[in-house]
Amino acid sequence: MKKVCTKLFILFAAFALTAMPAAANANAVTSAKEPVPGAQGQQQNASLDLAPSARSAVLMDADSGTVIYEKDSNVKLPPASITKVMTMLLIMEALDDGKIKLTDKVPTSEYAASMGGSQIFLEPGEEMTVDEMLKGIAMASGNDASVAMAEKLAGSEQQFVVLMNEKAQQLGLQNTHFANCNGLPAADHYTSAHDIAVMSRELLKHSEITKYTGSYQDYLRKSSEKPFWLVNTNKLVRFYSGADGLKTGFTNEAKFCLTATAKRDNLRVIAVVMGEPNTKTRNAEVSQMLDFTFAQYTTHPIFKEGDTMGTIKVEKGAVREIPLVAKHPYSILLKKGAATQDIRYELQIDQPLKAPVAIGQSIGKLVVYQGDQVVKEFPVDAPQSIDKAGWFKLLKRSFGGLFS
């Protein structure tokens, strides 16, 4: 019996020694989940707690979409007035598409005027321009102005919310669903810090939005008997160097939320926090997130806004080719001091690209490499619509090619 016990002990000891490397490897895998800062900065600094009081947070480079830091960033939470980021995005797209102009008059319905919470105190029947309504939404977080604009664009808030959710799907926002256009408490109205950062990044592609979100104070009805003084609910635009947006939010359910953006040199950052206990903590933690980014990172430009990226050839199109111009900056995020000499890019357009082509249609991608490694891929969309050429034009081209 004693011999049997001895053999069992030896067998157990051998098994334990054999298992030790496996246990060490298991620990190595666990620690490997804590990212080490790389040359492209594409990591999440998981060991840091830049927003300890926030329920959820994310820090993102606006140009590349690279996530620098995140904390429970995909948790579905009530966004309060940060909802208005999507509202402003649809307004800016309507302006770009020529559906509305900044000088257009926007009437106020009884329903829009009845909104509680943050407001610019619109009266039923009162009219303001789109420009003034944008000021009221961006600076004063006007719930009434948001509904008035929703009705202007879609006929009703309900139909505008349909457009908001369609846009959320187009942007790939998997943890977002809107029930209204202003963020007042409602069932089935939620988003996440990550999704807010994505829609904020999309809004910032309309660079003129910071004219509204970055202003600290202004007036509405300035020449009337009842001028209304606007003071931006986002105090960072006054007190943080480079801050020029984007949107605050608060309800008892959501607590204090903020999607902030700041730009220094060529680096623009988006910082989102949700569920903060008070405004002081919210602003301090967002400032800390921004400070960290500007201290640690830089940006390497690929194209500036307005740069010619290349030429697109279109088979059987009314025009044979069109220039592709950068509508916004393209850059990658780098740790300060990282090597840049082997960074290159390729514009890869879908071939063959045949007419008709719709404006905004995906037509390829811009691929950025460091050496042989893909660092970032940017989607490329058609800058304009291209109709199919008529049969006579195609015939003329064929004969032109034959006899040239």
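Residues numbered from 1 in each chain as written. Predicted model: local features only at pLDDT ≥ 70, side-chain atom pairs only at ≥ 80, totals over all residues. Heavy atoms only, no water.

*Asks:* Sorry if this is basic, but what is going on with the pattern of salt bridges here?
*Replies:* It is possible for side chains of opposite charge to pair when their charged atoms get near one another. One pass over the full model with this rule turns up 12 salt bridges. Between R55 and D72 there is a salt bridge, with the nearest N and O atoms lying 3.7 Å from each other. You can see R55 sitting in the loop between α1 (2–32) and β1 (56–61) and its partner D72 sitting in the loop between β2 (67–71) and α2 (84–96), a full 17 residues away along the chain. Judged by its relative accessible area of 40%, R55 falls in the partly exposed class. On the basis of relative accessibility, which here comes to 41%, the residue D72 falls in the partly exposed class. Notably, a salt bridge pairs E126 with R221, separated by 2.7 Å at the nearest N-O pair. Of the two residues, E126 is situated in the loop between α3 (110–113) and β4 (127–129) and R221 in the loop between β5 (217–220) and β6 (228–231); the sequence distance between them amounts to 95 residues. Accessibility classification places E126 together with R221 in one group, the buried group. (Salt bridge = Lys/Arg side-chain N within 4 Å of Asp/Glu carboxyl O. Helix = DSSP H or I, 4+ residues; strand = E, 2+ residues; numbered from the N terminus. Buried < 20%, exposed > 50% of the residue type's maximum accessible area, 1.4 Å probe, protein only.)

*Asks:* How should empty space enclosed by the protein be read in this particular structure?
*Replies:* Any empty space left between the atoms is revealed when a probe the size of a water molecule rolls over them. A full pass over the atoms with the stated rule returns 1 cavity of 30 Å³ or more. Empty space within the largest cavity amounts to approximately 40 Å³. Lining the largest cavity are P78, P79, A80, G183, L184, P185, A186, H189, T251 and E253. Its residues placed into classes, the lining of the largest cavity shows 6 nonpolar, 3 polar and 1 charged. (1 Å grid on protein atoms, 1.4 Å probe; cavity = no way out; pocket = protein on both sides within 12 Å on 5 of 7 lines; lining within 4 Å. Points joined across faces, edges and corners; volume = space filled by probe spheres on them. Nonpolar A, V, L, I, M, F, W, Y, C, P; charged D, E, K, R; others polar.)

*Asks:* Any chance you could explain the environment of E346 here in plain terms?
*Replies:* Here E346 shows up in strand β14 (residues 343–349). Here E346 is in contact with K365, L366, V367 and Y369, once residues within four sequence places are set aside. A polar side-chain atom of E346 sits 3.3 Å from a polar atom in the side chain of R344. (Contact = heavy atoms within 4.5 Å. Polar contact = N/O pair within 3.5 Å; in protein donor to acceptor, adjacent residues only side chain to side chain.)

*Asks:* Quick question: what am I supposed to make of the layout of surface pockets here?
*Replies:* Of the volumes computed, that of the largest pocket is approximately 1100 Å³. As for the largest pocket, its lining consists of 37 residues, of which E202, K205, K327, H328 and D381 are closest to the centre. Considering each element in turn, the lining of the largest pocket owes the most residues, 6 residues, to strand β16 (residues 373–381). Tallied by class, residues from the lining of the largest pocket come to 15 nonpolar, 9 polar and 13 charged. What the second largest pocket holds in volume is close to 450 Å³. Per-element tally for the lining of the second largest pocket: the top contributor is strand β10 (residues 297–303), with 3 residues. Within the lining of the second largest pocket, the residues separate by chemical class into 6 nonpolar, 6 polar and 8 charged.

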